[in-house]
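# Descriptive structure summary
If you want the building blocks of each chain, they are given just below.
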Amino acid sequence: MALYESDHTKFMREMLAKNPEWVEDQRQGRAIWWDKELPKEEQEGFKAAKVAQKAYPYDVNSK
């Protein structure tokens, strides 16, 4: 068990306990936007468009 629990976490636990139907609503909402399989062509396109990043991109002295 965690020693500290934020006010937001406590609030969410309380609200989900009062409204258990929200859990299914959350699942449905997540499925709309996040839980998706990308077609193979799109995955390959994203891989091809990837640009190599410097080790530390915020270093103003690196070129």
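Only a predicted model underlies this, so the values are computations on that prediction, with no experimental measurement involved.

It is worth spelling out the overall build of the protein chain at this point. Along the backbone of the protein chain there are three helices and zero strands. Secondary structure elements of the protein chain, listed N to C terminal, follow the sequence α-α-α. Its C-alpha radius of gyration of 21 Å places the protein chain more than 25% over the 11 Å reference for a compact globule of 63 residues. Taken over the C-alpha atoms alone, the protein chain extends approximately 55 × 35 × 20 Å along its principal axes. The buried share of the protein chain, taken over its 63 residues, is 3%. With an accessible surface of roughly 6,700 Å², the protein chain has 57% of that area assigned to carbon and sulfur atoms. Each charge sign in the protein chain was given a centre, from 11 positive and 12 negative side chains, and these centres are 7 Å apart.

Once that is clear, we can look at the packing of aromatic side chains. In total, this model carries one aromatic pair according to the counting rule given. Ring centres of Y56 and Y58 lie 6.0 Å apart, and the angle between their planes is 80 degrees; on these two criteria the pair is classed as edge-to-face. In terms of burial, Y56 and Y58 fall into one category: exposed.

Nonpolar side chains collect at one region of the surface, where I32, W33 and W34 lie side by side and expose about 490 Å² of accessible area between them. Secondary-structure assignment places W34 in the loop between α2 (21-33) and α3 (40-49). By relative accessible area, W34 is classed as exposed at 67%.

Conventions used here
- Residues numbered from 1 in each chain as written.
- Predicted model: local features only at pLDDT ≥ 70, side-chain atom pairs only at ≥ 80, totals over all residues.
- Heavy atoms only, no water.
- Helix = DSSP H or I, 4+ residues; strand = E, 2+ residues; numbered from the N terminus.
- Rg over C-alpha atoms; globule rule 2.2 N^0.38 Å.
- Buried < 20%, exposed > 50% of the residue type's maximum accessible area, 1.4 Å probe, protein only.
- Areas by Shrake-Rupley, 256 points an atom, 1.4 Å probe, with all protein chains shown as cover.
- Lys, Arg positive; Asp, Glu negative; His and termini not counted.
- Charge placed at Lys NZ, Arg CZ, Asp CG, Glu CD.
- Phe/Tyr/Trp six-rings, centres within 6.5 Å; stacked < 30°, edge-to-face > 60°.
- Patch = residues over 30% accessible without salt bridge, like charges linked within 9 Å, V, L, I, M, F, W, Y side chains within 5 Å.
- Salt bridge = Lys/Arg side-chain N within 4 Å of Asp/Glu carboxyl O.

In short, shape yes, function no, at least from these values alone.
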